[in-house]
Amino acid sequence: MSTQYLDFCATTPVDPRVLEVMMDIYANHPGNADSRTHIFGTDAKGIVLRSRKTLAEILNIDPNEIIFTSGATESDNTAILGLREFAEQTGRKHLITTAIEHKAVLQPMKFLAEHGFDVDFVAPDESGRVKAGDVLNKVRKDTLLVSVMHVNNETGVIQPVLEIGEALKNTETYFHVDAAQSFGKLNDDLRKLSYDMLSITAHKIHGPQGIGAVVMKRKNYKRPPVRPMLYGGQQEYGFRPGTTPVAMVAALAKAAEIMDKEYPGMTLGLCAEKERLLKSFEGLVYQINGDPDYTLPNILNISFDGVDSESVFVALKEYYAISSGSACTSGSYDPSYVLVAMGLEPKRISEALRISWWDKKIDIKPLIEYVKSMTALN
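Treat the numbers as computed from the prediction; the structure is a model and nothing was measured.

**Student:** I keep staring at the overall build of the protein chain and nothing clicks. Help me out?
**Tutor:** Secondary structure summary: the protein chain contains 13 helices and 12 strands in total. The dimensions of the protein chain, computed from C-alpha atoms along their principal axes, are 70 × 55 × 35 Å. Counting only residues that meet the buried cut, the protein chain has 53% of its 378 residues in that class. Taking all contacts inside the protein chain whose residues are at least 6 apart in sequence as the whole, residues at least 24 apart take part in 73%. Looking at the protein chain, you have 41 positive and 48 negative side-chain charges, and the mean spots of the two groups are 4 Å apart.

Right, here's the structure in full:
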């Protein structure tokens, strides 16, 4: 059998329809979107404008509020580190985030903490979900930014960003949401969500790696006081200099358009597949990591009693491409900081597997047989 790809949380295969758009632009639309003296530049600029409009319509925002980046990591860094100068000018140097954020949020926060900022890291309970009240109770007069992810990338648990955003919307505190895992899947929620900045990326929704965006919403006609981290051009309203990758931008918009139309019709099938998987595990001793009532239907973080996850990767590498958590920390053998923050026991953490899939049925028999064999040995 061929190896089954079950690591869609890390990155998704590119949809052929998205690839077709990219190839057409690479082959037939060679212009630089900032070349104003010829028709090829005008053509490229038109593609970018249409792509921006498509994304804006999906999110129900102004197209001018979208700033293209290289992905959610750059978007997160821009939203957080870009506020540093304003924070130092105003003395509002208190930040709030959660202990289970992606490293693209945690590391900039820790960097600022090392440079005189006061940062609160709110932990979830064993469910993997932070309480909105625990976040909001930390807000002070000098709180400049609250940053909370919409969906956790390791457990798939949906965080209470709607409640937090509603509470913050009429305050001076800026609210940033990392929507890398939710954009394309929870678009209805994103359209209702009150926020100031939002990070999205293409490679989680069957688009290419290397393109994303940060949304900077206007309040009283003003964007958040974010300073650019790069200099050298006026592209993206001065926030992100450099030649606009026209084909990648169009691919992001195409992938988002496809997901917005097709994902709602896929949810029943994804839920049914998760139910089928759990039913097939009957008789095995396991624990699900993350509240099933608040989890995306295509993600399962599960610990099989007595079966170390690293042994699964080695023993079943010809059968499955799976992980134990974020690809950004996969080079480390340290335990998952997300599961640690949830207060899980070290043994359970060492046994955790993250399985994330899409539209194909999973042949789970090799995993079941391996778990049974390890259980027998123990």
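**Student:** Would you mind showing me how to read the packing of helix α1 (residues 16–28) against helix α9 (residues 246–280) here?
**Tutor:** When two helices pack together, you describe them by how their axes are tilted relative to each other and by the distance separating the axes. Closest axis-to-axis distance for the α1/α9 pair is 9 Å, and the angle between their directions is 155°. Overall, the two elements α1 and α9 adopt an arrangement that is roughly antiparallel. Crossing geometry of α1 relative to α9 is assigned as right-handed. Note on element contacts: α9 touches α1 through Val246, Ala247, Met248, Ala250, Ala251, Lys254, Ala255, Ile258 and Glu262, opposite Arg17, Val18, Val21, Met22, Ile25 and Tyr26. Of the residues in the contact of α1 with α9, the class split is 12 nonpolar, no polar and three charged.

**Student:** Can you help me understand helix α13 (residues 365–377) in this one?
**Tutor:** Two residues of an α-helix separated by three or four positions point the same way, owing to the 3.6 residues in each turn. Here α13 spans 18 Å end to end across 13 residues, near enough to the 18 Å set by a 1.5 Å rise per residue. Along α13, the positions that sit buried rather than exposed are Pro366, Leu367, Ile368, Tyr370, Val371 and Met374. Buried positions along α13 lie against α9, β10 (299–304), α10 (309–315), β11 (320–321) and β12 (352–356).

Parameters and conventions
Residues numbered from 1 in each chain as written. Predicted model: local features only at pLDDT ≥ 70, side-chain atom pairs only at ≥ 80, totals over all residues. Heavy atoms only, no water. Helix = DSSP H or I, 4+ residues; strand = E, 2+ residues; numbered from the N terminus. Buried < 20%, exposed > 50% of the residue type's maximum accessible area, 1.4 Å probe, protein only. Contact = heavy atoms within 4.5 Å. Lys, Arg positive; Asp, Glu negative; His and termini not counted. Charge placed at Lys NZ, Arg CZ, Asp CG, Glu CD. Axes fitted to C-alpha atoms, helices over the stretch in contact; angles between N-to-C directions. Parallel < 35°, antiparallel > 145°, perpendicular 65-115°, else oblique. Left-handed = near helix turned anticlockwise from the far one by under 90°. Nonpolar A, V, L, I, M, F, W, Y, C, P; charged D, E, K, R; others polar. Expected span 1.5 Å × (residues − 1).

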